[in-house]
Structure formats: structure tokens, C-alpha cells
Amino acid sequence: MEKEEVIILEGYVNSVPRYEIIIDGALILGRVFTLAMDSTRKATDGNCETVTSYIDVECRGSLMTFTYFDECAIGRKLRVIGRLEQSVWVDSKGILAPHLVVIAKELSWKGENE
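A.B. asks: Which parts of the structure should I look at to understand a nonpolar patch on the surface?
C.D. replies: Together, V88, V90 and L96 give the surface a local cluster of nonpolar side chains, amounting to about 290 Å² of exposed area. Position of L96 among the secondary structure elements: in strand β6 (residues 96–109). Judged by its relative accessible area of 60%, L96 is exposed.

This is the structure:
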């Protein structure tokens with residue numbers, strides 16, 4: 001049995017979930033939204049700065065009907081457990097264009113103080 005790699009992210013919903021048809025060997029209907037995550041790092045001037053990273057989260061199967069999607073307001077805190085998946089294609093200029101997403105296995109809302 002293969003060991004499955006898992007990633008856990010906590011961040012804030014940055015886009016309203018949308019339905020997309022994802023082509024991955026077959027046609028799959030999924031819900032996709034963007035998660036924003038803040039982190040602090042030391043800037044070149046020695047001060048700390050906050051950097052926001054954005055990653056798309058893709059929900060397939062039973063997660064498409066995640067009960068709370070109706071309450072999926074932008075800015076709401078969410079924990080995502082899943083795996084990373086990268087697709088690569090060649091754009092019109094012949095340059096490789098990678099895209100990294102998280103394929104969600106579990107979603108849970110987080111309280112404001114967690």
C-alpha cells in the first residue's frame with residue numbers, strides 16, 4: 001500500500017466557491033475556491049513583514065456538497081486537509097506554466113480565536 005502524503009493548511013476563504021469541470025483523465029465536476037494564508041518573515045531591512053500566499057483548493061466527490069458552502073463567506077477561517085497536485089501546460093509563448101492546487105480530503109471551519 002502506498003503512503004499518501006498529506007498537507008494541512010489554515011487560512012481564509014478568498015473567493016466564492018465556483019463549479020468547474022476539471023479534466024484529469026476524465027471529466028470531473030468539482031468546486032474550487034482560493035485560500036489565503038498569512039505568514040510573517042524578516043524583511044531585508046530587519047523588520048518583520050506579513051506575506052499573503054494564495055492557493056486554489058479543489059473539492060471533488062462528497063466534498064462538493066460540503067454543508068457549509070452556503071456559509072462560505074470571503075474572509076471566513078477554514079482548515080483544509082488534502083494533498084498537493086500540480087498540472088503543467090505550455091502557454092501560447094511556448095513557456096511551461098505550472099499550476100499547484102490542493103485536492104481537499106477534509107474541510108472544517110475554524111473559530112475566530114483558534
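A.B. asks: Looking at this structure, I do not really get the packing of aromatic side chains. What am I missing?
C.D. replies: Centre distance and the angle of the planes are the two values used to describe a pair of aromatic rings. What the rule picks out here adds up to 0 aromatic pairs. In this structure, R76 packs its charged tip against the face of W109, placed 4.4 Å from the ring centre.

A.B. asks: Is there a simple way to explain the environment of R76 in this structure?
C.D. replies: Along the chain, R76 falls in the loop between β4 (48–59) and β5 (77–90). On the basis of relative accessibility, which here comes to 26%, the residue R76 falls in the partly exposed class. Between the C-alpha atom of R76 and that of K110, which follows or precedes it by 34 residues, the distance is 8.1 Å.

A.B. asks: I keep staring at the pattern of salt bridges and nothing clicks. Help me out?
C.D. replies: Opposite charge on two side chains makes pairing possible when the charged atoms of those side chains draw close. The full count for this structure, using the stated rule, is 3 salt bridges. Of the charged contacts in the structure, one is a salt bridge between R41 and E49, with a shortest N-O distance of 3.0 Å.

A.B. asks: Would you take a moment to explain the nonpolar core for this structure?
C.D. replies: Within soluble globular proteins, side chains that are nonpolar generally end up buried alongside one another. Grouped together as the largest cluster of nonpolar side chains are 15 residues, with contacts concentrated most on F33, L35, V57, L78, V80 and L107. For this core, the elements supplying multiple residues, two or more each, are β1 (7–13), β3 (27–42), β4, β5 and β6. The element that contributes the greatest number of residues to this core is β6, accounting for 4 residues. Apart from residues no more than four positions distant in its own chain, V80 is found in contact with I7, I8, L9, L35, V57, V102, A104, E106 and L107.

A.B. asks: Please explain the pairing of β6 as it appears in this structure.
C.D. replies: Walk down a regular strand and you will see the side chains alternate between the two sheet faces. Sheet analysis places β4 next to β6, joined by 3 bridges and oriented parallel. By the bridge assignment, D56 is partnered in β6 with V101. Pairing analysis gives 13 bridges linking β5 to β6, with the strands arranged antiparallel. Bridging from a neighbouring strand, L84 pairs with V102 of β6. Linking β5 back to β6 in an antiparallel pair, the connection comprises 5 residues, with G94 at a positive phi of about 80°.

Rules used in this analysis
Residues numbered from 1 in each chain as written. Predicted model: local features only at pLDDT ≥ 70, side-chain atom pairs only at ≥ 80, totals over all residues. Heavy atoms only, no water. Patch = residues over 30% accessible without salt bridge, like charges linked within 9 Å, V, L, I, M, F, W, Y side chains within 5 Å. Areas by Shrake-Rupley, 256 points an atom, 1.4 Å probe, with all protein chains shown as cover. Salt bridge = Lys/Arg side-chain N within 4 Å of Asp/Glu carboxyl O. Helix = DSSP H or I, 4+ residues; strand = E, 2+ residues; numbered from the N terminus. Buried < 20%, exposed > 50% of the residue type's maximum accessible area, 1.4 Å probe, protein only. Phe/Tyr/Trp six-rings, centres within 6.5 Å; stacked < 30°, edge-to-face > 60°. Lys NZ or Arg CZ within 6 Å of the ring centre and 35° of its normal. Core = buried A, V, L, I, M, F, W, Y, C linked by side-chain atoms within 4.5 Å. Contact = heavy atoms within 4.5 Å. Pairing = 2+ DSSP bridges.

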